[in-house]
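Observations on chain architecture
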Amino acid sequence: MKIVVCVKYCPDATADRSFAADRTVDRVGVDGVLSELDEYAVEQALQVKESGDPETTEVVAVTVGPEVARAALLKSLQMGADAGVHVLDDAVHGSDAVATSLILAKAVEAQAADLVICGMASTDGSMSVVPAMLAERLGLPQVTFASELTVDGDTVRARRDGDVATEIVEAAGRVLISVTDQANEPRYPSFKGIMAAKKKPVESLTLADLGIDAALVGAGSAWTAVEAIEARPPRAAGTVVVDEDGSGAGALVEFLAAQKFI
Amino acid sequence: MGEILVVVDHVDGVVRKTTHELLTLARRLGEPSAVFFGDGADGLGEAAGTSLREYGAEKIYVVAGAEFADYLVVPKVDALGVLVQQVSPTAVLIPSSAEGKEIAGRLAVRTESGLITDAVDVQAGDDGPRTTQSVFAGGFTVQSKVVHGTPIITVKPNAVTPERADGAGAVETVDVAVPESSRTAAVVERRPRAATGRPELTEASIVVSGGRGTGGDFAPVEAFADALGAAVGASRAAVDSGWYPHSYQVGQTGKTVSPQLYVANGISGAIQHRAGMQTSKTIVAVNKDSEAPIFDLVDFGVVGDLHKVLPAATDQINARKG
Ligand SMILES: Cc1cc2nc3c(=O)[nH]c(=O)nc-3n(C[C@H](O)[C@H](O)[C@H](O)COP(=O)(O)OP(=O)(O)OC[C@H]3O[C@@H](n4cnc5c(N)ncnc54)[C@H](O)[C@@H]3O)c2cc1C
Ligand SMILES: Nc1ncnc2c1ncn2[C@@H]1O[C@H](COP(=O)(O)O)[C@@H](O)[C@H]1O
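On a predicted model such as this, the values are computed, not experimentally measured, just so you know. (Residues numbered from 1 in each chain as written. Chains lettered and ligands numbered in written order. Predicted model: local features only at pLDDT ≥ 70, side-chain atom pairs only at ≥ 80, totals over all residues. Heavy atoms only, no water.)

Observations concerning the overall build of chain A
When its secondary structure is counted, chain A shows six helices and 13 strands. Buried positions account for 51% of the 262 residues belonging to chain A. When contacts within chain A are restricted to residue pairs at least 6 apart in sequence, those whose partners lie at least 24 apart make up 71%. For chain A, the accessible area works out to roughly 11,300 Å², and carbon and sulfur atoms hold 51% of it. (Helix = DSSP H or I, 4+ residues; strand = E, 2+ residues; numbered from the N terminus. Buried < 20%, exposed > 50% of the residue type's maximum accessible area, 1.4 Å probe, protein only. Contact = heavy atoms within 4.5 Å. Areas by Shrake-Rupley, 256 points an atom, 1.4 Å probe, with all protein chains shown as cover.)

What follows is the structure in structure tokens.
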């Protein structure tokens, strides 16, 4: 069995995230990491492997991104993935979700995976659309936003917590999955894992290797255009009072009344 | 003026407020046409039809059939794909729920159209809609447009105040053949969330949240929320501790809320929490640590113990209301 995990390199959420001059997310000037939400995808893949037949199951991490994105693969390998695939091509820069999903689809297809596992959202773009787009392109059943997942033979069963109801979703055969941060508890790489990762294979592929016309991806062919980006003005400093002998409640209620919330 | 397709969000035929917001935005761009997915054969109920007309729907496309509820996402994309072909709309507006974004993503691929997610505002432009998004936990505002295909835009709750307008609401039944290949991820069980009697979190105009600082006791948070007629939210620390259900989590991996008033109690204000509440109009915090980062965001803050401040404030509000 082969499991592909899609992992993205994202600027660290706790760092000062910013945009580059060409209005794309600055992935080079800001410290980056394996998107925290993709750790859950890697963990899920490892758990499926470990609870099935570890000897015959291979977990391959795939990323699309610049040179530095290799760090996302490395972290996945340290956690326990067996191999990495890095789609690395200057023409990819500035791709929107539609184009990213096209590139990922080709890269995943080349792997002939039985299961494809994604995170619920990337921590920078946070669109939560790439998994559904991938399923559309690959013609795979989508079992997405799984907060609890079981793989039993060739049946995948998931709990999906929607806005107004919780659904239990089932699909069979080759399936595309995305998992939420409720699905599991990602492991920390062990020392052994960190050492082993250095010897694991990482394949680097260009768009040409995947048979993708470079004119279809990148900033120039994006189907959306950013017209302006503005840093949000810092909020005007508010009033902060210290509660002494119950004064805080009174001040709070006065504020709420003045703002007509009461 | 071209048609604007608005995907209706409803619970058992009760149209949700987000749909009224989308219809209000759609009127800026063209003629709103609601797309209503009905379970089973009933199709559009009377209440839903009235509600859509009251907010300006000129047409209501009704797509009925059990498959739209029995299988995840894809059958709805099939239907919308057919409609986009037939109608050539000026834009498609979809609620920014998890499902809404997935529908939008697949529809964009299928119709070769540009996609914008999580818009907090949509305005008419010379050559198509202009959207505003709030990114990086609310740190930046981004203006964008779609430059290819049919603009497909998902819109966050509370993007606009719903405005009423009379719409003709002419009903057209749409027949879509949903192929076997779209019936692959089956919903085998659906457990509706138990009603709390409080407003829905993402729709509420006031949200009162509790975090680790509650120490597990949400009673003061709930009582304060009820005094204000508010929805209750929680931080991930509170959810992970099992103190409050995950469906009430506010933040990056929970709900995004944008109410008139957000009150954070015993919540430190981590970036992932802020991602879900930073666009709230007025922000209030109660926290015993004067250094907590949440105080950088507040319009009004109380440094104090929530177990003392909230019950006293609740009593005073209830007394004022008489
Ligand atoms: C991938 C990822 C996704 C995440 N998604 C989310 C998300 O969606 N939502 C979210 O909220 N978090 C999320 N987090 C977690 C986030 O980083 C924080 O850990 C979390 O928000 C902390 O919750 P808290 O503020 O309740 O707890 P803490 O940070 O522990 O803060 C508790 C606060 O309560 C105060 N306090 C204690 N006792 C009292 C008292 N008696 N009265 C008043 N104040 C008191 C303390 O001073 C402190 O400021 C995510 C993290 C990751 C890595
Ligand atoms: N550039 C990328 N490389 C690999 N996987 C990606 C990439 N972008 C998105 N994904 C996958 O798609 C998921 C959702 O991403 P998004 O739709 O951008 O929020 C992520 O959690 C990843 O699993």
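Points about the pairing of strand β10 (residues 175-179) of chain A
Residue and element names in this part refer to chain A. Where burial is concerned, most of β10 is hidden: five out of the five residues are buried. Side chains Val 175, Ile 177 and Val 179 project from β10 onto one buried face, and the interleaved Leu 176 and Ser 178 project onto a second face that is buried too. Relative to β10, strand β6 (residues 115-119) runs parallel, the two sharing five bridges. Of the residues in β10, the one forming a bridge with Val 116 is Leu 176. Note that strand β7 (residues 142-152) and β10 share three bridges and pair parallel. Paired with Val 143 across the two strands is Ile 177, which belongs to β10. (Pairing = 2+ DSSP bridges.)

Comments concerning the site of ligand 2
Residue and element names in this part refer to chain A. Taken together, 19 residues sit near ligand 2, with Cys 6, Asp 38, Ser 122, Ser 128 and Val 130 positioned nearest. Here Gly 119 contributes a backbone N or O atom positioned 3.0 Å from an oxygen atom of ligand 2. Coverage of ligand 2 by the protein amounts to 97% of the 480 Å² it exposes when considered alone. With three residues, the top contributor of residues to the shell around ligand 2 is strand β4 (residues 58-64). Along the lines of polarity and charge, the residues of the shell around ligand 2 split into 11 nonpolar, six polar and two charged. (Near = heavy atom within 4 Å. Polar contact = N/O pair within 3.5 Å; in protein donor to acceptor, adjacent residues only side chain to side chain. Nonpolar A, V, L, I, M, F, W, Y, C, P; charged D, E, K, R; others polar.)

Comments concerning the interface of chain A and chain B
At the junction of the two partners, chain A supplies 75 residues and chain B supplies 84 residues. A combined buried area of about 6,900 Å² lies between chain A and chain B, and 59% of that area is made up of carbon and sulfur atoms. Considering only the surface of chain A that becomes buried against chain B, Glu136(A), Trp223(A) and Arg235(A) emerge as the three largest contributors, covering 12% of it. Inspection of the chain A/chain B interface yields 10 salt bridges. For Arg130(B), the salt bridge goes to Glu227(A), with nearest N and O atoms at 2.6 Å. In terms of residue count, the dominant contributor to the side of chain A that touches chain B is helix α6 (residues 247-258) of chain A (10 residues). (Buried area = accessible area lost by both parts, 1.4 Å probe. Salt bridge = Lys/Arg side-chain N within 4 Å of Asp/Glu carboxyl O.)

A short note on the sheet that holds strand β16 (residues 282-287) of chain B
Pairing between the strands of a sheet comes from backbone hydrogen bonds, and it takes one of two forms, parallel or antiparallel. Reading across the sheet, the six strands line up as β13(A)-β17(B)-β16(B)-β15(B)-β13(B)-β14(B) and stay open at both edges, with parallel pairing between neighbours. Strands with a single pairing partner mark the edges of an open sheet, and in this sheet they are β13 (239-242) of chain A together with β14 (231-234) of chain B. In this sheet, adjacent strand axes meet at a mean angle of 15° when their direction is disregarded. With four bridges connecting them, strand β13 (residues 206-210) of chain B and β14(B) associate as parallel partners. Looking at β14(B), one finds that Val208(B) is bridged to Val232(B). Helix-sheet contacts for α6(A) involve β13 of chain A together with β15 (261-265), β16 and β17 (300-303) of chain B, and the interaxial angle to β17(B) is about 170°. (Axes fitted to C-alpha atoms, helices over the stretch in contact; angles between N-to-C directions.)

Here's the deal with the confidence of the model for chain B
For chain B, mean pLDDT is 95; residues scoring 70 or higher make up 99% of the total. Scoring of the predicted complex yields 0.94 for pTM and 0.93 for ipTM. (pLDDT = per-residue confidence, 0-100.)

Some words on the packing of helix α4 (residues 130-138) of chain A against helix α5 (residues 98-111) of chain B
Two numbers describe how α4(A) lies on α5(B): the axes approach to 8 Å, and their chain directions differ by 40°. Relative to α5(B), α4(A) is oriented oblique. Handedness of the crossing formed by α4(A) with α5(B): right-handed. Residues Ala132(A), Met133(A), Ala135(A), Glu136(A) and Arg137(A) of α4(A) pack against Glu102(B), Gly105(B), Arg106(B), Ala108(B), Val109(B) and Arg110(B) of α5(B). The residue inventory of the contact of α4(A) with α5(B), partitioned by class, reads five nonpolar, one polar and five charged. (Parallel < 35°, antiparallel > 145°, perpendicular 65-115°, else oblique. Left-handed = near helix turned anticlockwise from the far one by under 90°.)

What to know about the side chain of His273(B)
Residue and element names in this part refer to chain B. The topology assignment puts His 273 in helix α8 (residues 271-274). By relative accessible area, His 273 is classed as buried at 6%. Among the polar contacts listed, one links the side chain of His 273 to the backbone oxygen of Val 250, at a separation of 3.2 Å. In this view, His 273 contacts Ala 234, Ser 235, Val 250, Gly 251, Tyr 262 and Ile 267; residues no more than four positions away in its chain are not counted.

Quick notes on the site of ligand 1
The environment of ligand 1 is formed by 28 residues, the closest being Arg212(B), Ser235(B), Gln249(B), Ser268(B) and Asn287(B). Here a nitrogen atom of ligand 1 and a backbone polar atom of Val250(B) are 2.8 Å apart. Between ligand 1 and Thr253(B) there is a distance of 2.9 Å, counted from an oxygen atom to a backbone nitrogen or oxygen. Taken atom by atom, the bulk of ligand 1 overlaps the second largest pocket. Looking at the shell around ligand 1, the elements with two or more residues in it are α1 (36-51) of chain A together with α7 (236-240), α8 and α9 (306-321) of chain B. Among the residues making up the shell around ligand 1, the classes are represented as seven nonpolar, 15 polar and six charged. (1 Å grid on protein atoms, 1.4 Å probe; cavity = no way out; pocket = protein on both sides within 12 Å on 5 of 7 lines; lining within 4 Å. Sits in = over half its atoms within 2 Å of the grid points.)

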